[in-house]
Each structure stands twice: as structure tokens, then as C-alpha cells.
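Remarks on the overall topology
Spelled out, the chains give:
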Amino acid sequence: MLSDQRHVRTQRRLQYGPRVNITIRGYRPGDAEATWRAFHEAIHRTAASYYSEEQMKAWAPGVMDAQGWNARRTQAWTVVADVDGEVAGFSDLTADGLLDMLFVHPEFGRRGVGRLLVEAVLKEAQRRGLNEVRTHASRAARPAFERLGFIVDHENEDNWIRGQKVPNFDMYVALAP
Ligand SMILES: CC(C)(COP(=O)(O)OP(=O)(O)OC[C@H]1O[C@@H](n2cnc3c(N)ncnc32)[C@H](O)[C@@H]1OP(=O)(O)O)[C@@H](O)C(=O)NCCC(=O)NCCS
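Residues numbered from 1 in each chain as written. Predicted model: local features only at pLDDT ≥ 70, side-chain atom pairs only at ≥ 80, totals over all residues.

Of regular secondary structure, the chain possesses 5 helices and 11 strands. Considering the chain as a whole, with its 177 residues, one finds that 35% of them fall into the buried category. Within the chain, contacts between residues separated by at least 24 positions form 62% of all contacts whose residues are at least 6 apart in sequence. (Helix = DSSP H or I, 4+ residues; strand = E, 2+ residues; numbered from the N terminus. Buried ≥ 20, exposed ≤ 12 C-beta atoms within 10 Å, placed from the backbone. Contact = placed C-beta atoms within 7 Å.)

Here the focus is helix 1 (residues 32-46). Taking 1.5 Å as the rise per residue, helix 1 with 15 residues should run 21 Å; its terminal C-alpha atoms sit 20 Å apart, in good agreement. On its buried face, helix 1 sits against helix 2 (53-59), helix 3 (66-75), strand 3 (77-83), strand 4 (86-93) and strand 6 (102-104). (Expected span 1.5 Å × (residues − 1).)

Turning our eyes to something else, we now look at the environment of Tyr27. In this structure, Tyr27 sits in the loop between strand 2 (20-26) and helix 1. Judged by C-beta crowding, with 22 C-beta atoms within 10 Å, Tyr27 ranks as buried. Along the primary structure Tyr27 and Arg73 are separated by 46 residues, whereas in three dimensions their C-alpha atoms are 7.4 Å apart.

Each pair of packed helices can be summarised by the angle the axes make with each other and by the distance between the axes. Close contact between helix 1 and helix 3 brings their axes to 10 Å; oriented N to C, the two are set at 90°. Regarding the angle of helix 1 to helix 3, the classification is roughly perpendicular. Residues Ala32, Thr35 and Trp36 of helix 1 touch helix 3, and the partners they reach there are Ala66, Trp69, Asn70 and Arg73. Across the contact of helix 1 with helix 3, the residue classes tally to 4 nonpolar, 2 polar and 1 charged. (Axes fitted to C-alpha atoms, helices over the stretch in contact; angles between N-to-C directions. Parallel < 35°, antiparallel > 145°, perpendicular 65-115°, else oblique. Nonpolar A, V, L, I, M, F, W, Y, C, P; charged D, E, K, R; others polar.)

This paragraph deals with the sheet that holds strand 7 (residues 132-138). Taken together, the 4 strands give an open sheet; going across it, the order is 5-7-11-8, and neighbouring strands pair in mixed fashion. A single partner strand is all that each edge strand has here, and the edge strands are strand 5 (98-99) and strand 8 (151-156). Of the strand pairs in this sheet, strand 7 and strand 11 (residues 168-174) are connected by 7 bridges, and their pairing is antiparallel. From the neighbouring strand, Thr135 faces strand 11, where its bridge partner is Met171. (Pairing = 2+ DSSP bridges.)

Moving on to the environment of His154. For His154, the location among the structural elements is in strand 8. Its 8 C-beta neighbours within 10 Å are what place His154 among the exposed residues.

Summing up the model confidence of the chain, the mean pLDDT is 92 and the portion of residues at 70 or higher is 89%. Confidence over residues 1-6 falls short of pLDDT 50; this stretch has 11 contacts with residues more than four positions distant or in other chains. (pLDDT = per-residue confidence, 0-100.)

Judged by nonpolar contacts, the single largest core of 44 residues is most densely connected at Ala81, Phe90, Val113, Leu117 and Val121. Secondary-structure elements contributing two or more residues to this core are strand 2, helix 1, strand 3, strand 4, strand 6, helix 4 (113-127), strand 7 and strand 11. Element by element, the count of residues in this core is highest for helix 4, at 8 residues. If sequence neighbours within four positions are ignored, Ala81 has contacts with Ile22, Ile24, Ala88, Gly89, Phe90, Val113, Leu116 and Leu117. (Core = buried A, V, L, I, M, F, W, Y, C linked by C-beta atoms within 7 Å.)

Once that is clear, we can look at the environment of Glu157. Within the fold, Glu157 resides in the loop between strand 8 and strand 9 (160-161). C-alpha separation for the pair Glu157 and Phe169, spaced 12 residues apart in sequence, amounts to 8.3 Å.

Moving on, we come to the pairing of strand 11. Sheet topology note: the strand 8/strand 11 ladder contains 5 bridges and is antiparallel. In the strand pairing of strand 11, Ile151 is matched with Tyr172.

For the rest of this paragraph, the subject is unusual backbone geometry. Notably, Arg110 is not glycine yet its phi reads approximately 60°, a positive angle. For Arg110, the location among the structural elements is in the loop between strand 6 and helix 4. Looking at Arg110, the number of C-beta atoms within 10 Å reads 14, which means it is partly exposed. With phi around 40°, Arg162 is a residue other than glycine that occupies positive phi space. Within the element layout of this structure, Arg162 appears in the loop between strand 9 and strand 10 (164-165). For Arg162, a count of 11 C-beta atoms within 10 Å puts it in the exposed group.

Given below as C-alpha cells:
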């Protein structure tokens with residue numbers, strides 16, 4: 001995991017958003033609730049026009065399993081984006097080279113947070129000597145992943161979560177040697 005000393009700081013002024021300071025750093029156990037909130041809100045608000053209420057509830061139930069959530073975040077190499085000291089989003093890279101999670105709280109959306117998180121993950125993948133990174137991208141995230149260089153391999157029409165079909169896309173990006 002990234003230590004706090006190895007974080008990346010940057011500052012962006014985007015066309016429509018206010019100036020924000022984004023810090024990318026390693027996940028800490030104290031981030032469990034704020035990262036879960038980013039996950040929950042990203043699904044129930046940002047992804048709301050792509051999936052039904054039933055699909056969103058299955059994907060992101062209203063109650064957090066704090067222990068399970070923290071365990072999954074710490075098992076993977078997880079990075080967190082802070083904006084002016086607040087957790088804005090997170091991403092990860094699993095041991096088998098999957099970018100499993102990418103969620104940005106809607107309050108901080110479209111300001112470059114997702115891009116910086118993915119860049120940090122790809123840098124870590126390159127450090128591990130991987131040739132490519134794969135992800136299961138939601139319908140909502142597909143356009144952002146495409147902007148970040150990912151290519152659709154195929155659609156998973158049969159992706160089931162807690163008894164609901166939640167279709168997504170298998171995408172990948174090749175890494176320079
Ligand atoms: C996908 C997500 C993480 C993107 O986060 P973000 O911080 O808003 O993304 P950024 O602002 O860094 O955008 C990255 C690039 O994608 C583009 N982009 C982002 N969302 C987009 C959209 N809905 N449509 C088209 N382009 C989009 C941005 O313009 C930017 O491109 P640029 O840097 O060349 O201008 C966020 O929208 C999200 O959490 N979505 C819902 C949850 C979800 O589906 N997560 C993925 C699960 S697999």
C-alpha cells in the first residue's frame with residue numbers, strides 16, 4: 001500500500017468545477033466509512049440513470065458491513081483521493097491485476113479525481129510489471145474508462161449481484177513495457 005509519504009499532490013482548475021486540491025494516498029482503516037459513502041452515493045446518484053432502483057439496491061445496499069468492507073480494501077492495493085482533506089473517492093488494484101473498484105463521490109465528480117486515481121493504479125500495475133489492467137466497468141463508468149484509454153472487450157449481460165442482473169463491461173488497457 002502507498003505510504004502517506006508517497007502520495008501525489010496536484011491541483012486542478014476545470015472548466016466547470018471550482019479549484020480543488022487533490023491528494024492521492026494509501027487507504028487507512030479509518031477511511032472505511034467515507035469510502036463506503038463515496039461508493040454508495042456514486043452508485044445511487046451518479047449511476048442512477050443507467051440502472052434501476054432494484055439494481056442499485058443490490059449493488060450498494062443501504063447498510064455497510066464495516067468489517068467486510070475494510071477487509072476488502074486492505075486486501076487489495078487501495079488508493080484514496082482526498083479533496084481539501086475530505087475523502088472524494090477511491091480505487092484499487094487486486095493481487096491478480098484487476099482494477100476492481102473506482103468510485104468518486106458525486107459532490108466531487110468531473111473534476112479529475114477519477115483520472116488521478118486510475119493513473120495511480122496504472123503506475124502501480126507498471127511497477128509490478130503487468131502488461132495490462134482489466135476492469136469490470138459499469139454502464140455509468142464506461143465513458144470515463146474510455147477517456148482513460150480502456151477498451152471494451154465484451155459486455156457482461158449476465159452479471160448477477162445479490163439476485164439482480166447488473167450488466168457491465170469487461171474492459172482493459174495495455175501498459176507500455
Ligand atoms: C466513473 C467515475 C469514477 C469517474 O470519476 P470522475 O472523478 O468524475 O472522473 P474524472 O473527472 O477524473 O474524469 C475522467 C475522464 O473521463 C471523462 N468522463 C467522466 N465521466 C464521464 C461521463 N459520464 N461521460 C463522458 N466522459 C466522462 C472526463 O471528462 C475525463 O476526461 P478528460 O480528463 O479527458 O477530460 C465516477 O463517475 C463514478 O463514481 N461513477 C459511478 C460509479 C461507477 O460506476 N463506478 C465504476 C464501477 S466499475
